[in-house]
Amino acid sequence: MLSTKYTEKTKLTKDEIDRKWWEVGDYFRRNSLWLLMYCTGCCAVELPPSMTSAYDMERLGMGPMATPRQADILLVSGYLSLKTLRRLIYTYEQMSEPKYVIGLGSCPINGGIYHDSHAVINQLDQYIPVDVYVAGCMPNPESILNGFVDLMESIKNKTANSWKKYRDNNEWYKQNQKDALGEVIIHDEFHE
Amino acid sequence: MILNILIGIGIAFFGFVLQTSIAGINRKIVGRLQKRHGPRWYQEFIDIFKLLSKRSITHGWIFDFGVIMALGGIIATAMFMPLTNNFLAFENFDNFFIFVYLIAVGMLGMAMSASGSGNPWASIGVMRALTTMLAYEVPFLIVVLTIINLTGNSSLTEIMLYQQASGNNWFLIALPIGGLVGFIALMGMLGKKPFETYVAPAEIASGPMVEYGGKQLGMLFIMNEISAFIEVSLFVHLFLGGATNIFEFLIKYFVVYTLANLISSVNGRFKIDQVVKFFYKWPLIMAVTQAVIAIYFGWVI
Ligand code: SF4
């Protein structure tokens, strides 16, 4: 039975209101994920079928975008040589928050078939944080779309926090980047 | 006065909602055309609200101010747009040239802000947008001046009433060549595909929008939707006889925008010099021919 006694209305604290707004934002964010495809390796061939008529990623509200500023997801497809890693870090830091990273294929997970090459890095998440991995060499379009749905789920459950992790543990990531690359700054005609 | 301003803002908001939903439906139609399922019809709204919910960086105050100026300028233009032949916010202020002048404020704001970002792609994009504008404005204006000459009035409502009067046809039928030129120019204004040179995502990384992310990009999307509303409504009022009630307006609007979008989805992209050459060749010749036929020979159906 409902009590007839007067109870004071509980006022929402500022944190709770912020969290509510964040949840509203999460609905929009997970239903409109724009990709920046960083096609470094052979996994990239599986992206055209997952974009076009066969699997149609646009029905999930996703689509390719032209520049890092506009994109939400950085899609790292395949192995990363040291030279590309520098550009990848630049690109990642240009994206506007909240931002997510997806690693395609076994190369960003543990090196894949290039694990003993001197030119590539083996584990992507030593250098930038990763939200979702899609395993396979190469993963087929079904599993790529499955990875996207997983990312949406984890945005809904508030576990897609890699961009916060990058901010909190920035020193650790920077140290790893320096150890692998010597120097992160790029010297060429476009960056000086 | 206050009421008029409120109605004007209401028209701008109506234009935004209308154009955003129709753009969303059109994404679905294009999806079906390509044998895909296509996104939800309200996907465009989700995209815009998502952009507004993101964090963004700035490149200096010109960058921010230009975006606000672009959005404000376009909203100010849309406030003067008549929806039907008796519904508009500011009586007697629906002259065609008001739109020509005011829409430039929004475009200039966008150009200023894009150059303020300091990215070379943005400058190239702005340069291309202005070049395309130079190309389509000349034939379009010749046709519109022909219409103004025939009706003897440059107010949109008067032009609408002239076409609705018995014995007169829509200008699309009365001036068939001119109507075609108007439609081609509309495709150029909307940035649809053969003339999409200044966005060109694969070539110059979406041109003027290259440095925008988050909130500024969201505002530019809203501006883009409202300016599409202005351009398509201009075409409806000038060539399709306007509308006597809002449903007629909605149907005509939907047909025009969908047709432009369908043509766009089966075309490739011109190079920027091809755009200029194209507009200065066929549409210009057709527009001049139409003007001579209509004004000197008086052959109007
Ligand atoms: S995981 Fe396999 S397919 Fe993908 S980049 Fe590595 S080697 Fe190529």
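### Looking at the overall build of chain B
The helix and strand inventory of chain B stands at twelve helices and zero strands. Starting at the N terminus and ending at the C terminus, chain B contains elements arranged as α-α-α-α-α-α-α-α-α-α-α-α. The C-alpha atoms of chain B give 19 Å as radius of gyration, which agrees with the globular expectation for 301 residues (19 Å, within 12%). Once the C-alpha set of chain B is aligned to its principal axes, its extents read approximately 55 × 45 × 40 Å.

### Considerations on the overall build of chain A
Check the secondary structure of chain A and you find seven helices and five strands. C-alpha atoms of chain A, sized along the principal axes, occupy 75 × 40 × 30 Å. Counting all 192 residues of chain A, 47% fall into the buried class. Long-range pairs, those at least 24 residues apart, make up 80% of the contacts in chain A between residues at least 6 apart in sequence. Total accessible area on chain A is roughly 10,400 Å²; 54% of this is exposed by carbon and sulfur atoms. Taking the average place of the 21 positive charges on the side chains of chain A and the average place of its 25 negative ones, the gap between the two points comes to 8 Å.

### Structural notes on the packing of helix H8 (residues 176-190) of chain B against helix H12 (residues 272-297) of chain B
Residues and elements named next belong to chain B. Two numbers describe how H8 lies on H12: the axes approach to 8 Å, and their chain directions differ by 150°. With respect to each other, H8 and H12 are oriented roughly antiparallel. The hand of the H8/H12 crossing is left-handed. Here H8 contributes Pro176, Ile177, Gly178, Leu180, Val181, Ile184, Ala185 and Gly188 to the contact with H12, which in turn contributes Phe278, Phe279, Pro283, Met286, Ala287 and Gln290.

### Some remarks on helix H5 (residues 141-156) of chain A
Residues and elements named next belong to chain A. Taking 1.5 Å per residue as the helical rise, H5 with its 16 residues ought to reach 22 Å, and the 23 Å between its terminal C-alpha atoms agrees with that figure. Within H5, burial applies to Pro141, Ile144, Leu145, Gly147, Phe148, Leu151, Met152, Ser154 and Ile155. Downstream of H5 by a residue or two, Lys158 has a phi angle that is positive, lying close to 60°.

### Thoughts on a nonpolar patch on the surface
A cluster of nonpolar residues, Val288, Val292, Ile295, Tyr296, Phe297 and Trp299 of chain B, forms a patch on the protein surface that exposes about 660 Å² of accessible area. Topologically, Val292 of chain B is positioned in helix H12.

### What to know about the sheet that holds strand S5 (residues 132-134) of chain A
Residues and elements named next belong to chain A. Taking strand neighbours across the sheet as the criterion, the five strands line up as S2-S1-S3-S4-S5 in an open arrangement whose pairing is parallel. At either end of the open sheet lies a strand with only one pairing partner, and these are strand S2 (63-64) and S5. As defined by bridge partners, strand S1 (residues 34-38) adjoins S2 across two bridges and the pair is classed as parallel. Residue pairing across strands places Leu35 opposite Pro64, the latter belonging to S2. Across the sheet, helix H3 (residues 82-94) touches S1, strand S3 (73-77) and strand S4 (100-104), and the angle it forms with S1 is around 160°.

### Points about the site of the ligand
All residues in the neighbourhood of the ligand are listed as Cys42, Cys43, Gly78, Tyr79, Gly105, Ser106, Cys107, Ile113, Tyr114, Gly136, Cys137 and Met138 of chain A. Here the shell around the ligand is built from residues that sort into eight nonpolar, four polar and no charged.

### Let's talk about the confidence of the model for chain B
Per-residue pLDDT for chain B averages 86, and the proportion of residues at 70 or more is 100%. In the predicted assembly, ipTM is 0.81 and pTM is 0.87.

### A few points about the side chain of Thr91 of chain A
Residues and elements named next belong to chain A. Tracing the backbone through its elements, the reader meets Thr91 in helix H3. Polar side-chain contacts of Thr91 include one of 2.6 Å to the backbone oxygen of Arg87. Thr91 has contacts with Leu36, Tyr38, Pro68 and Leu74, leaving out every residue within four places of it along the chain.

### Considerations on the side chain of Gln19 of chain B
All names here are of chain B. Here Gln19 shows up in helix H1 (residues 2-33). You can call Gln19 buried: its relative accessible area is 1%. A polar contact is formed between the side chain of Gln19 and the side chain of Tyr257, at a distance of 3.5 Å. Leave out the neighbours within four places in its chain, and Gln19 touches Glu225, Ala228, Phe229, Tyr253 and Tyr257.

### Quick look at the pattern of salt bridges
Under the counting rule described, the total for this entry stands at 17 salt bridges over all chains. Across the salt bridge formed by Arg27 of chain B and Glu58 of chain A, the nearest N and O atoms sit 3.1 Å from each other. In this pair, Arg27 of chain B is assigned in helix H1 and Glu58 of chain A in the loop between helix H2 (47-51) and S2, connecting two distinct chains. Of the residues examined, Arg27 of chain B reaches a relative accessible area of 21% and is grouped as partly exposed. In this structure, a network of salt bridges that share partners links the residues Asp56 and Glu58 of chain A together with Arg27, Arg36, Glu44 and Asp47 of chain B.

### Things to note about the interface of chain B and chain A
With 32 residues of chain B at the interface, the matching set in chain A holds 27 residues. Carbon and sulfur atoms make up 51% of the surface buried where chain B meets chain A, a total of about 2,300 Å² over both sides. When residues of chain B are sorted by the area they lose upon contact with chain A, Lys50, Lys54 and Arg55 of chain B head the list and together hold 29% of the total. For the interface between chain B and chain A, the tally reads seven salt bridges. Close ionic contact of Glu211 of chain B with Arg69 of chain A constitutes a salt bridge, the shortest N to O distance being 2.8 Å. Connecting chain B to chain A are 20 residue pairs in polar contact (both at pLDDT 80 or more). With seven residues, helix H2 (residues 43-53) of chain B is the single largest residue contributor to the side of chain B that touches chain A. Grouping the constituent residues of the side of chain B that touches chain A by class yields 13 nonpolar, ten polar and nine charged.

### Brief notes about the environment of Ile75 of chain B
Residue and element names in this part refer to chain B. Within the secondary structure, Ile75 sits in helix H3 (residues 61-78). On the accessibility criterion, Ile75 (27% relative accessible area) is partly exposed. Ignoring anything within four residues of it in the chain, the contact list for Ile75 reads Ala12 and Ile226.

About the cut-offs
- Residues numbered from 1 in each chain as written.
- Chains lettered and ligands numbered in written order.
- Predicted model: local features only at pLDDT ≥ 70, side-chain atom pairs only at ≥ 80, totals over all residues.
- Heavy atoms only, no water.
- Helix = DSSP H or I, 4+ residues; strand = E, 2+ residues; numbered from the N terminus.
- Rg over C-alpha atoms; globule rule 2.2 N^0.38 Å.
- Buried < 20%, exposed > 50% of the residue type's maximum accessible area, 1.4 Å probe, protein only.
- Contact = heavy atoms within 4.5 Å.
- Areas by Shrake-Rupley, 256 points an atom, 1.4 Å probe, with all protein chains shown as cover.
- Lys, Arg positive; Asp, Glu negative; His and termini not counted.
- Charge placed at Lys NZ, Arg CZ, Asp CG, Glu CD.
- Axes fitted to C-alpha atoms, helices over the stretch in contact; angles between N-to-C directions.
- Parallel < 35°, antiparallel > 145°, perpendicular 65-115°, else oblique.
- Left-handed = near helix turned anticlockwise from the far one by under 90°.
- Expected span 1.5 Å × (residues − 1).
- Patch = residues over 30% accessible without salt bridge, like charges linked within 9 Å, V, L, I, M, F, W, Y side chains within 5 Å.
- Salt bridge = Lys/Arg side-chain N within 4 Å of Asp/Glu carboxyl O.
- Pairing = 2+ DSSP bridges.
- Near = heavy atom within 4 Å.
- Nonpolar A, V, L, I, M, F, W, Y, C, P; charged D, E, K, R; others polar.
- pLDDT = per-residue confidence, 0-100.
- Polar contact = N/O pair within 3.5 Å; in protein donor to acceptor, adjacent residues only side chain to side chain.
- Buried area = accessible area lost by both parts, 1.4 Å probe.

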